[in-house]
Amino acid sequence: MLKNKKKYLILICIVILAFLLRFWNLGEIPISPDWDEASLGYNAYSILNTGKDEFGEKFPLILRSFGDYKPALYAYLIIPFIVLFDLTIFSVRLPSVILGTFSIFISYLLIKELFRSEKIALLTTLLFAISPWHIQFSRVAFEANLGLTLNLLAILLFIKGLSNKWFLIFSALFAGLGLHAYQSEKLFVPLMGFALVVIYRKELLLIPKKFIITSIIVGLLVVSPIIYQAFSNPETLSRAKGTSFMNNPVKILSNKHYDKVLANDLNNDYLGKIFDNRRVEYAKVISANYLSHFNINFLFVTGDLNERHHPPGMGHIYLIELLFILIGLYLLVFGTFSRKTKLFIFSWIIISPIPASLTWDVPNAVRLINILPIPHLLSAIGILGVIEFIKNKKGVRVINLVYLIIILGFMLNFAYFINQYFSQYNYFSASSWQYGYKELVKFSEENKNSYEKIVISRLEPLDQSYIFYLFYLKLSPEVFQEIWKNNSFNSEVISFDKYEFKNFYWNNENKENILYIGSRNQIPPEAKLKKIIYYPDGTEAIIVASEE
């Protein structure tokens with residue numbers, strides 16, 4: 001058994017390591033804020049200064065943003081850091097770093113509570129601290145990272161609440177807050193809550209009813225604004241509808257499917273009607289989507305298709321962990337761990353991919369993030385199981401060799417990740433992070449007095465260009481809100497100062513004394529180039545041009 005001082009020293013070192021990996025060069029890697037970070041940052045800045053979001057909504061719980069209606073909780077967490085460090089990408093990302101580091105500590109407490117083993121808890125915490133998956137999402141303003149932290153805290157407090165009833169109230173509070181953090185939590189939290197209640201129902205029945213009822217009331221009070229928003233403003237569900245394949249059945253139900261349906265009707269084929277109906281097709285898609293999140297390539301080799309979710313040339317979990325995860329699964333099933341703990345861990349694994357399974361872009365690491373830190377828990381169980389087995393069978397010499405192999409294996413994987421993330425990531429992923437706006441805004445400000453107007457494209461890849469100008473210029477929120485209130489622009493054309501953001505087509509535009517900013521696809525070769533902003537790999541990012 002580890003001595004207390006040694007145990008706490010190891011834990012402190014792990015937490016410090018976790019913080020450094022998430023904090024180091026935070027404002028520079030990733031290379032640029034993406035439009036979601038810029039939106040969260042500017043809306044936090046707007047709420048701080050006016051009590052309203054960019055569109056004039058007072059203390060919103062949901063941010064309209066680009067019509068995707070983001071939960072606003074993360075934006076509120078940014079506000080204190082804007083006060084301290086001004087509106088910068090550093091201040092926007094710093095809450096995620098703190099949340100990510102805190103989740104490492106929570107995971108230690110949770111695993112220790114579930115398994116009653118310091119070794120499993122500490123090793124899981126270490127693997128979680130150096131996890132590429134978790135580092136990626138806790139260095140950026142991803143609301144999913146906030147959701148994960150709140151979920152871990154809610155689960156920990158629930159488990160502790162079985163022996164100390166007061167914790168159940170706080171568990172309900174943080175579970176409710178989780179629904180204010182990220183869209184996936186609206187499905188994950190109720191499912192996880194149901195699993196916990198079913199697994200630990202006997203323990204819950206021993207708790208005085210007033211604590212159970214109070215917890216339910218607290219949870220409902222916290223989530224009631226979300227329920228109200230969903231009924232009073234259906235547009236707040238637009239993000240969920242936009243990402244769900246069920247909102248567009250045409251993409252699933254192909255012409256071939258409709259031909260089968262027609263043939264079944266003509267031939268009175270009742271068996272065909274059963275197997276060729278749209279519900280079966282939906283079930284096939286959901287099943288395929290669900291299983292895709294356990295794909296080895298996705299998890300360990302290539303990652304998902306979004307470059308903002310992982311460094312180049314690697315998956316979301318270290319490749320060396322694959323073997324230990326498989327061993328850990330075996331030991332979890334057949335080991336001497338508590339039956340309820342086993343049921344809970346497998347429930348966690350089963351539930352985590354469900355929210356992502358209802359969307360188009362699968363597998364998706366950000367929507368699967370709630371599975372953390374379970375892969376690292378299984379890996380820790382596997383590592384300790386291998387060490388214990390060899391120690392009992394082979395003696396000291398072999399076990400020392402095994403220690404060396406495991407440590408070297410993890411060091412090589414970790415070193416590869418550090419290189420790919422801190423050295424290569426900005427070079428290869430700059431376009432995915434909408435790089436170039438900081439330099440562009442500076443150039444625009446320096447030259448705007450030479451032109452009557454500056455027109456900036458809103459066509460891909462400059463779709464939400466206006467938010468970067470608001471962010472870097474720190475445009476007075478009152479000014480932007482007043483423009484919106486007076487409806488001086490519509491959703492297609494946004495304008496303030498000398499800037500106009502719209503979809504433009506060079507040959508159809510008045511170009512006299514106007515500066516145009518767009519991509520190479522929009523600016524023809526005959527235009528007079530004023531500036532080209534390049535990605536780090538030398539390819540063109542943004543073109544600035546005029547007629548003469």
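The rules behind the values
- Residues numbered from 1 in each chain as written.
- Predicted model: local features only at pLDDT ≥ 70, side-chain atom pairs only at ≥ 80, totals over all residues.
- Heavy atoms only, no water.
- Helix = DSSP H or I, 4+ residues; strand = E, 2+ residues; numbered from the N terminus.
- Rg over C-alpha atoms; globule rule 2.2 N^0.38 Å.
- Buried < 20%, exposed > 50% of the residue type's maximum accessible area, 1.4 Å probe, protein only.
- Contact = heavy atoms within 4.5 Å.
- Areas by Shrake-Rupley, 256 points an atom, 1.4 Å probe, with all protein chains shown as cover.
- Lys, Arg positive; Asp, Glu negative; His and termini not counted.
- Charge placed at Lys NZ, Arg CZ, Asp CG, Glu CD.
- Pairing = 2+ DSSP bridges.
- Polar contact = N/O pair within 3.5 Å; in protein donor to acceptor, adjacent residues only side chain to side chain.
- Core = buried A, V, L, I, M, F, W, Y, C linked by side-chain atoms within 4.5 Å.
- Patch = residues over 30% accessible without salt bridge, like charges linked within 9 Å, V, L, I, M, F, W, Y side chains within 5 Å.
- Salt bridge = Lys/Arg side-chain N within 4 Å of Asp/Glu carboxyl O.
- Axes fitted to C-alpha atoms, helices over the stretch in contact; angles between N-to-C directions.
- Parallel < 35°, antiparallel > 145°, perpendicular 65-115°, else oblique.
- Left-handed = near helix turned anticlockwise from the far one by under 90°.
- Nonpolar A, V, L, I, M, F, W, Y, C, P; charged D, E, K, R; others polar.
- Phe/Tyr/Trp six-rings, centres within 6.5 Å; stacked < 30°, edge-to-face > 60°.
- Lys NZ or Arg CZ within 6 Å of the ring centre and 35° of its normal.

(A) Local environment of the overall build of the protein. Helix and strand counts for the protein stand at 24 helices and 8 strands. A compact globule built from 548 residues should have a C-alpha radius of gyration of about 24 Å, and the protein, at 26 Å, falls within 12% of that. Its C-alpha atoms put the protein at 80 × 65 × 50 Å along the principal axes. For the protein, with 548 residues in total, the buried portion stands at 52%. If you take every contact in the protein between residues at least 6 apart in sequence, the share linking residues at least 24 apart comes to 73%. Surface accessibility of the protein: about 26,000 Å² in total, with carbon and sulfur atoms responsible for 62%. Each charge sign in the protein was given a centre, from 53 positive and 43 negative side chains, and these centres are 15 Å apart.

(B) Examining unusual backbone geometry more closely. Cis geometry marks the peptide bond from Ile29 to Pro30, where omega comes out at -5°. Here Pro30 lies in the loop between α1 (4-23) and α2 (35-50). Following Leu372, the chain continues to Pro373 via a peptide bond in cis, the omega torsion being 5°. Tracing the chain through its elements places Pro373 in the loop between α19 (354-357) and α20 (374-394). Phi is positive for Lys474, which is not a glycine, with a value near 50°. Mapped onto the fold, Lys474 is located in the loop between α23 (465-473) and α24 (477-485).

(C) How the structure looks around the pairing of strand β5 (residues 499-502). Residues Tyr499 and Phe501 point to one face of β5 and Glu500 and Lys502 to the other, with burial holding for every one of them. Where strand β3 (residues 453-457) meets β5, 4 bridges bridge the pair, whose relative direction is parallel. Bridge assignment links Ser457 to a residue of β5, and that residue is Lys502. Direction of pairing for strand β4 (residues 494-496) relative to β5: antiparallel, over a ladder of 3 bridges. The residue bridging Ile494 from the neighbouring strand is Phe501, located in β5.

(D) Highlighting the side chain of Ser32. Within the element layout of this structure, Ser32 appears in the loop between α1 and α2. A distance of 3.2 Å separates a polar side-chain atom of Ser32 from the backbone oxygen of Trp433. With residues up to four places along the chain from it excluded, the contact list for Ser32 reads Glu37, Arg93, Trp433, Gln434 and Tyr435.

(E) Expanded view of the nonpolar core. Ranked by size, the top nonpolar core spans 145 residues in total, and within it Trp133, Phe344, Ile345, Trp348 and Phe496 carry the most contacts. Not counting the four nearest positions on each side in its chain, Phe344 is found in contact with Leu114, Ile155, Met192, Leu196, Ile199 and Tyr200. Formed by 9 residues, the second largest nonpolar core is a distinct cluster that contains Val455, Phe504, Ile514 and Ala527.

(F) Geometry of a nonpolar patch on the surface. Together, Leu401, Tyr403, Leu404, Ile405, Ile407, Leu408 and Met411 line one region of the surface with nonpolar side chains, adding up to about 660 Å² of accessible area. Among the secondary structure elements, Tyr403 is positioned in helix α21 (residues 396-429). You can call Tyr403 partly exposed: its relative accessible area is 32%.

(G) Geometry of the packing of helix α4 (residues 89-115) against helix α7 (residues 143-161). At a closest axis distance of 9 Å, the pairing of α4 and α7 adopts a crossing angle of 25°. Regarding the angle of α4 to α7, the classification is roughly parallel. Considering how the two elements wind past one another, α4 and α7 form a crossing that is left-handed. Within the contact between the two elements, α4 uses Ser96, Leu99, Gly100, Phe102, Ser103, Ile106, Leu109, Leu110, Glu113 and Leu114 and α7 uses Asn145, Leu146, Thr149, Leu152, Leu153, Ile155, Leu156, Ile159 and Lys160. Partitioning the contact of α4 with α7 into residue classes produces 12 nonpolar, 5 polar and 2 charged.

(H) The sheet that holds strand β8 (residues 540-546), seen in detail. Taken together, the 6 strands give an open sheet; going across it, the order is β4-β5-β3-β6-β8-β7, and neighbouring strands pair in mixed fashion. Here the strands that pair on one side only, and so sit at the sheet edges, are β4 and β7 (528-534). Averaged over all adjacent pairs, the angle separating strand axes in this sheet is 15°, with direction ignored.

(I) Quick look at the packing of aromatic side chains. The final tally for this structure, using the stated rule, is 32 aromatic pairs. Measuring from centroid to centroid gives 5.8 Å for Phe417 and Tyr421, while their planes differ by 35°, and the two rings are tilted. Pair noted here: Phe417 and Tyr421 are both in helix α21, with a separation of 4 residues, about one helical turn. For Phe417, a relative accessible area of 0% corresponds to the buried category. Residue Tyr421 is classed as buried on the basis of its relative accessible area, which comes to 0%. With 4.0 Å between their ring centres and 0° between their planes, Tyr437 and Phe468 make a pair best called stacked. Placement of Tyr437 in helix α22 (residues 437-447) and of Phe468 in helix α23 is noted, with a sequence separation of 31 residues between them. For the pair formed by Tyr437 and Phe468, the shared burial category is buried. These aromatic residues form a ring-pair network of at least three members: Trp35, Phe55, Phe66, Tyr466, Tyr469, Phe480, Trp484, Phe496, Tyr499 and Phe501. Taking NZ or CZ as reference, Arg64 lies 5.0 Å from the ring centre of Phe55, over its face. Directly above the aromatic system of Trp433 lies the positively charged group of Arg93, at a separation of 5.9 Å from the ring centroid.

(J) Spatial organisation of the pattern of salt bridges. Under the counting rule described, the total for this entry stands at 18 salt bridges. For the salt bridge of Lys7 with Glu118, the shortest nitrogen-to-oxygen distance reads 3.2 Å. Placement of Lys7 in helix α1 and of Glu118 in helix α5 (residues 118-129) is noted, with a sequence separation of 111 residues between them. Taking the shortest distance from any N to any O, the salt bridge between Lys453 and Glu500 comes out at 3.6 Å. Residue Lys453 is found in strand β3, and its partner Glu500 is found in strand β5; the two are separated by 47 residues along the sequence.

(K) Quick look at the packing of helix α18 (residues 339-351) against α20. Running from amino to carboxyl end, α18 crosses α20 at an angle of 135°, the nearest separation of the two axes being 11 Å. When the interaxial angle is binned, α18 and α20 end up oblique. You can see that α18 and α20 cross each other, and the crossing is left-handed. Along its contact with α18, which presents Ile345, Trp348 and Ile349, the element α20 presents Ile374, Leu377 and Leu378.

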